[in-house]
Amino acid sequence: FQCFNCSFNFLSNWISWKARYRESLMEKQDIIKSFKDSLFTGLIALALFGPIVGLRTASKGEGLFITPQWGVVFFLVGLCVLGRFLININSARKTELTFLSNLTSKFSNITEDKAKHFAITGILFAVVFPFLPFTDRYFMDVAIMILTYIMLGWGLNIVVGLAGLLDLGYVAFYAVGAYSYALIATAFGWSFWICLPLAGLFAAFFGILLGFPVLRLRGDYLAIVTLGFGEIIRIILINWYEVTNGPDGITGIPRPSFFGLPFKRSPDEGEMSFHTFFGLEYSTMHRIIFLYYLILVLALITNYFTLKIRKLPVGRAWEALREDEIACKSLGVNPTNTKLTAFAIGAMFGGFAGSFFATRQAFISPESFTFIESAIIVAIVVLGGMGSQTGVVLASIFLIGITEIFRDLEQYRMIAFGGAMVLIMVFKPKGILANRKPTILMHGDKK
């Protein structure tokens, strides 16, 4: 019995040692493969960063001279190599990425379960934000920019997230709303509150105009056509000089007033301004705070409208169209009207945001409505999670905030922006909040 026991122990130890030896060999092979792949990534990064970052031109006198920056290049290359190596090791072991994936999934579930609490907390914070001790002019401008992109993201979420129609020319409706407001306000002298709904109607009309040619298209073909539509609008704005003033843009766009009270230091004779009516000392922050609350109200109206229309028959038709267009037809849903309503309503909210952009800037030009704006809005919708309203908010804060945090990096700011997008796609490929609850539950069953 002792001999049998010793033999059994020896055999089990030999088998366990053999298994550990094989695991060590596999780990060494994984490390070697990861090291080779990271070196290859470093060569690609060197080829990209070498001429772009390493050879920087500087003007001295009447000529241009090349100033090498190889230290910055090697730092960026080393960062890429290290990041790629860590990702490969974690993918091979399937431990760290699994932990991060589970962590983000738990965050998504908690956010969806407590959506009302998060929404109420966020709204209360947004309301008191202008009066917090650390809030200054810079933070207010950033907050207004973030809220503008949140509104644009919610508008595009109707087309992309709910209806499943990939629109890469959403900036066209943004531009139509801005130019409609600017032209009507400067030509007829109408107030912001009259021009705002007109700008939305004009943008909705252009949404229907875009919807008719693309009724039979889907997927990549639809994306190409919408991209072309956005470029057509931009080229028209540049070349139609008699109406749009071409590349010079439109200046002197009137700003909105607070129920007829302008934000002026010295009002006209017989006119009362905002600070004199309320007995306050004049400050330029009054107008900034008013614009902040204006875009906040417009964004909340967009969100409320989207949440309500999602539960109506047209909203359920959008989601049916997104899932399967053929099955949608078999159920008697008209895909033509469904697509047109999605394009029109999404374009309308883009027009509202464009009119606010025009009145905030008091100057617009075609340079403000390039393809990169459409790409940012689509990235907000996709990275936030298709069809998720809360995800759009988080993605807007993340993407727009990242560009502002790294503004001091100057030409490297977009590298940080792209790196942030890559990180989101690596750890959360379906978006920050991809687990969205169904719009309608059968018999109240929450399972």
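Placed above this text is the structure.
### Focus on the pattern of salt bridges
Tallied over the entire structure, the rule returns two salt bridges. Here R137 and D141 are joined by a salt bridge, their closest N and O atoms 3.4 Å apart. Here D141 and R137 lie together in helix α5 (residues 137–162), a separation of four residues that amounts to about one turn.

### Section: the pairing of strand β1 (residues 55–60)
Across the six residues that make up β1, only a small minority, zero, are buried. Pairing of β1 with strand β2 (residues 63–68) involves six bridges; the strand directions are antiparallel. Residue pairing across strands places S59 opposite L64, the latter belonging to β2.

### Brief notes about the side chain of T226
Within the secondary structure, T226 is located in helix α8 (residues 220–239). In this structure, T226 is in contact with L166, D167, L168, G169 and L210, ignoring residues within four places of it in sequence.

### Digging into the packing of aromatic side chains
As enumerated under the stated definition, the model contains 18 aromatic pairs in all. Measuring from ring centre to ring centre gives 5.8 Å for F125 and F129, while their planes differ by 55 degrees; the resulting arrangement is tilted. Using a relative accessible area of 46% as the deciding quantity, one classes F125 as partly exposed. For F129, a relative accessible area of 9% translates into the label buried. When the ring of Y181 is compared with that of F192, the centres are 5.6 Å apart and the planes differ by 75 degrees; the resulting orientation is edge-to-face. Here the residue Y181 occupies a position in helix α6 (residues 171–188), and F192 occupies one in helix α7 (residues 192–211), the gap between them amounting to eleven residues. Given a relative accessible area of 1%, Y181 falls into the buried group.

### Focus on the side chain of R360
One can find R360 in helix α14 (residues 335–361). R360 has contacts with D141, I144, R255 and L291, leaving out every residue within four places of it along the chain.

### Some words on the packing of helix α12 (residues 313–323) against α14
The interhelical angle for the contact between α12 and α14, taken along N-to-C directions, is 105 degrees, at an axis separation of 10 Å. Taken as axis vectors, α12 and α14 run roughly perpendicular relative to one another. Contact residues: V314, A317, W318 and L321 in α12; P335, T338, K339, T341, A342 and I345 in α14.

### Brief notes about a nonpolar patch on the surface
Residues F40, L43, I44, L46, L48, L55, I66, W70 and F74 make up a contiguous nonpolar surface patch of roughly 930 Å² in combined accessible area. Mapped onto the nonpolar patch, the elements with two or more residues apiece are α1 (2–54) and α2 (70–93). In terms of residue count, α1 provides more of the nonpolar patch than any other element does, five residues in total. Taking relative accessible area as the criterion, L55 reaches 39% and is therefore assigned partly exposed.

### Here we look at α12
Those residues of α12 not exposed but buried are G315, A317, W318, E319 and L321. Of the surrounding secondary structure, the elements contacted by the buried residues of α12 are α5, α11 (285–310), α13 (325–330) and α14.

### A few points about helix α15 (residues 371–384)
Side chains that are three or four residues apart share a direction in an α-helix, a result of its 3.6 residues per turn. Here α15 is 14 residues long and its end C-alpha atoms lie 20 Å apart, about the 20 Å a rise of 1.5 Å per residue gives. α15 sits mainly inside the fold: ten of its 14 residues count as buried. Downstream of α15 by one or two residues, G385 has phi in the positive range, about 115 degrees.

### So, the environment of E319
Inspection of the secondary structure assignment puts E319 in helix α12. Along the backbone, E319 and T338 are 19 residues apart, and their C-alpha atoms lie at a distance of 10.0 Å.

### Observations regarding the nonpolar core
In terms of nonpolar packing, the biggest core is built from 82 residues, with L156, Y181, Y292, W318, I364 and F369 touching the most fellow members. Every element with two or more residues in this core is listed here: α5, α6, α7, α8, α11, α14, α15 and α16 (389–405). Among the elements that make up this core, the one with the highest residue count is α5 (16 residues). In contact with Y181, not counting residues within four places along its chain, are F192, C195, A199, I253, P254, S355, A358 and T359. One finds A45, F49, V53 and L76 within the second-largest nonpolar core, a separate group that totals seven residues.

What counts, and at which threshold
- Residues numbered from 1 in each chain as written.
- Predicted model: local features only at pLDDT ≥ 70, side-chain atom pairs only at ≥ 80, totals over all residues.
- Heavy atoms only, no water.
- Salt bridge = Lys/Arg side-chain N within 4 Å of Asp/Glu carboxyl O.
- Helix = DSSP H or I, 4+ residues; strand = E, 2+ residues; numbered from the N terminus.
- Buried < 20%, exposed > 50% of the residue type's maximum accessible area, 1.4 Å probe, protein only.
- Pairing = 2+ DSSP bridges.
- Contact = heavy atoms within 4.5 Å.
- Phe/Tyr/Trp six-rings, centres within 6.5 Å; stacked < 30°, edge-to-face > 60°.
- Axes fitted to C-alpha atoms, helices over the stretch in contact; angles between N-to-C directions.
- Parallel < 35°, antiparallel > 145°, perpendicular 65-115°, else oblique.
- Patch = residues over 30% accessible without salt bridge, like charges linked within 9 Å, V, L, I, M, F, W, Y side chains within 5 Å.
- Areas by Shrake-Rupley, 256 points an atom, 1.4 Å probe, with all protein chains shown as cover.
- Expected span 1.5 Å × (residues − 1).
- Core = buried A, V, L, I, M, F, W, Y, C linked by side-chain atoms within 4.5 Å.

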